[in-house]
Amino acid sequence: MKKKALILGIETSCDETAAAILEESTETVPNLLSNIVSSQEEIHKNFGGVVPELAARSHIDKIDLIVNAALKKSKKKLTDIDAIAVTSGPGLIVCLSVGLNFAKALAMTLEKPLITVNHLEGHALSPKLITDLKYPYLLLLISGGHSQYLAVKKLGKYKRLGTTIDDAVGEAFDKTAKLLGIKFPGGPFIEKYAKKGDENRFDLPKPIFNKGGCNLSFAGLKTAVLLTSKKIKNQKEKYHLAASFQKTINEILYTKTKVAMLEFSKNNNNKILVIAGGVASNLTIRKNLIKLAEEKKYTSIFPPPNLCSDNAAMIAWAGIERYKMNLIDNLDFPSKARWPLDSSAPFLKGPGLKI
Ligand code: KG4
Ligand code: ZN
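Rules of the game
- Residues numbered from 1 in each chain as written.
- Chains lettered and ligands numbered in written order.
- Predicted model: local features only at pLDDT ≥ 70, side-chain atom pairs only at ≥ 80, totals over all residues.
- Heavy atoms only, no water.
- Near = heavy atom within 4 Å.
- Polar contact = N/O pair within 3.5 Å; in protein donor to acceptor, adjacent residues only side chain to side chain.
- Helix = DSSP H or I, 4+ residues; strand = E, 2+ residues; numbered from the N terminus.
- Nonpolar A, V, L, I, M, F, W, Y, C, P; charged D, E, K, R; others polar.
- Core = buried A, V, L, I, M, F, W, Y, C linked by side-chain atoms within 4.5 Å.
- Buried < 20%, exposed > 50% of the residue type's maximum accessible area, 1.4 Å probe, protein only.
- Contact = heavy atoms within 4.5 Å.
- Pairing = 2+ DSSP bridges.
- Donors = N, O, S within 2.8 Å, 3.2 Å for Na, K, Ca; no water.
- Tetrahedral: all angles 85-135°; square planar, octahedral: opposite > 155°, others 65-115°.
- Phe/Tyr/Trp six-rings, centres within 6.5 Å; stacked < 30°, edge-to-face > 60°.
- Lys NZ or Arg CZ within 6 Å of the ring centre and 35° of its normal.

Trainee: Could you clarify how one ought to interpret the site of ligand 1 in this entry?
Mentor: Gly144, Asp174, Glu191, Gly278 and Asp310 are the nearest of the 18 residues found near ligand 1. A distance of 2.6 Å is found between an oxygen atom of ligand 1 and a side-chain nitrogen or oxygen belonging to aspartate 174. Put simply, the parts of the chain that give the shell around ligand 1 at least two residues each are α4 (119-125), α5 (169-179) and α6 (187-195). Of the residues in the shell around ligand 1, the class split is 4 nonpolar, 11 polar and 3 charged.

Okay, here's the thing in structure tokens:
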């Protein structure tokens, strides 16, 4: 019987140092043997955002420990691994370089293939860790750095249907949190604050709501939150602003996802909506989009919160898919700060050389 592929995944694109061991399976989903994530929240919380130099230094300190912890938990040895999959963009270049150089050194010493993975592809394929998902599907990717609607046609073939023209959804959550005096990353706290507030108290704008197809914009909403926050007098009003902000985001995502579904259905028959990325952990967003999917007869799929936020399991899965197609990369593959997903078709760059 053919050996099942065993992949080490490594992720260091921003403020999480992560490693995972994933085994191919004959079952519907792969076997996630370990998934270790070390967050740097404590390091960055007082700065209102990620400080690249501090993030990179922490990755350097931890990467060895995290990879070893992933191996230990999986009860596998480095020599059992078939290939090393690593995030090589988009992200903070100083952070990406830590994971990529570590992976290259491992690949060279162990004489194993190196597979470079686009972080967004990791998010895009992440539901395959929990369900046997068939291509094509409509993806809403909502994270701290990206907000996009994509038609996921097959591995490496993505068509962008819409994107944010300014801030990402997660960024809007984090900036609102900062204005309310909440430390970084504030997204999960906005959700908590919103539970205690009246979502109808403040009327906030919905930029490009009735135009621009399924493109998104949050800059005007952020300015409105800034102006409103200056008038706030007490804690209760902070809860109201958080609730009103979250309601506005939900209204925007409901309508724009409806437009994206129309766009997607022009060229695809499948009615599957996947929502991935850190913001997809938000329970009100989940409820809102599940309702829309039911109305439009779509199946909605959300990875569990620990696979929505940054992790290496999703990188390992993209690695397995690429490994099976012999999409191996050369050891001089660079880290890329910018790397749009719809330009990362593996078939354009062709299979790399095995080392
Ligand atoms: O995917 P992710 O972990 O990292 C990026 O690739 O950016 O997403 C992080 C983003 C942050 O902006 C964070 O505030 C947001 O996801 N986030 C949330 C929630 N949990 C995480 N936003 C709203 N509600 C949440 N529950
Ligand atoms: Zn991410």
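Once the structure has been displayed, the description carries forward.
Trainee: What's the story with the nonpolar core in this structure? I'm lost.
Mentor: Across soluble globular proteins, you tend to see nonpolar side chains buried next to one another. Formed by 46 residues in total, the largest nonpolar core has its most connected members in Phe245, Ile249 and Leu253. Counting only elements with at least two residues in this core, the list comes to β6 (137-142), β7 (147-154), α5, α6, α7 (219-231), α8 (235-265), β9 (272-276) and α9 (283-295). It is α8 that provides the largest number of residues to this core, a total of 12 residues. Residues contacting leucine 253, with those up to four places away along its chain left out, are Leu140, Ile142, Tyr149, Leu216, Ile285 and Leu289. Ala83, Leu139, Ala318 and Ile328 belong to the second largest nonpolar core, which has 36 residues in total.

Trainee: How should I be thinking about the pairing of β7 in this particular structure?
Mentor: Working note: regular strand, side chains alternate between the two faces of the sheet. The element β7 is largely enclosed, with a buried count of 6 among its 8 residues. Connecting β6 to the next strand, β7, in antiparallel fashion are 4 residues. Inspection of the sheet shows β7 paired to strand β8 (residues 157-163) by 6 bridges, in the antiparallel sense. The residue bridging tyrosine 149 from the neighbouring strand is glycine 162, located in β8. In textbook terms, the turn of a hairpin is the stretch between consecutive antiparallel strands, and for β7 and β8 this stretch comprises 2 residues, one of which, glycine 156, has a positive phi near 85 degrees.

Trainee: Sorry, what's going on with the coordination of the zinc ion (ligand 2) here?
Mentor: Ideal geometry at a metal gives 109.5 degrees between four tetrahedral donors and either 90 or 180 degrees between six octahedral ones. Only His119 (NE2), His123 (NE2) and Asp310 (OD) from the protein reach the zinc ion (ligand 2) as donors, at distances of 2.1 to 2.2 Å. Geometry at the zinc ion (ligand 2) is irregular, judged from the 4 donor atoms that bind it and their angles of 93 to 145 degrees at the metal.

Trainee: Please explain the packing of aromatic side chains as it appears in this structure.
Mentor: Here the distance between the centres and the angle between the planes together describe a pair of aromatic rings. For the structure shown, the criterion picks out 4 aromatic pairs. Ring centres of tyrosine 193 and tyrosine 239 lie 5.0 Å apart, and the angle between their planes is 85 degrees; this geometry places the pair in the edge-to-face category. Taken together, the residues span a long stretch of sequence, with tyrosine 193 in helix α6 and tyrosine 239 in helix α8 at a distance of 46 residues. Judged by its relative accessible area of 18%, tyrosine 193 is buried. One Lys or Arg, lysine 192, reaches over the ring of phenylalanine 189 and ends 4.8 Å from the middle of that ring. Positioned above the aromatic ring of tryptophan 339, the side-chain terminus of lysine 336 is 4.3 Å from the ring centre.

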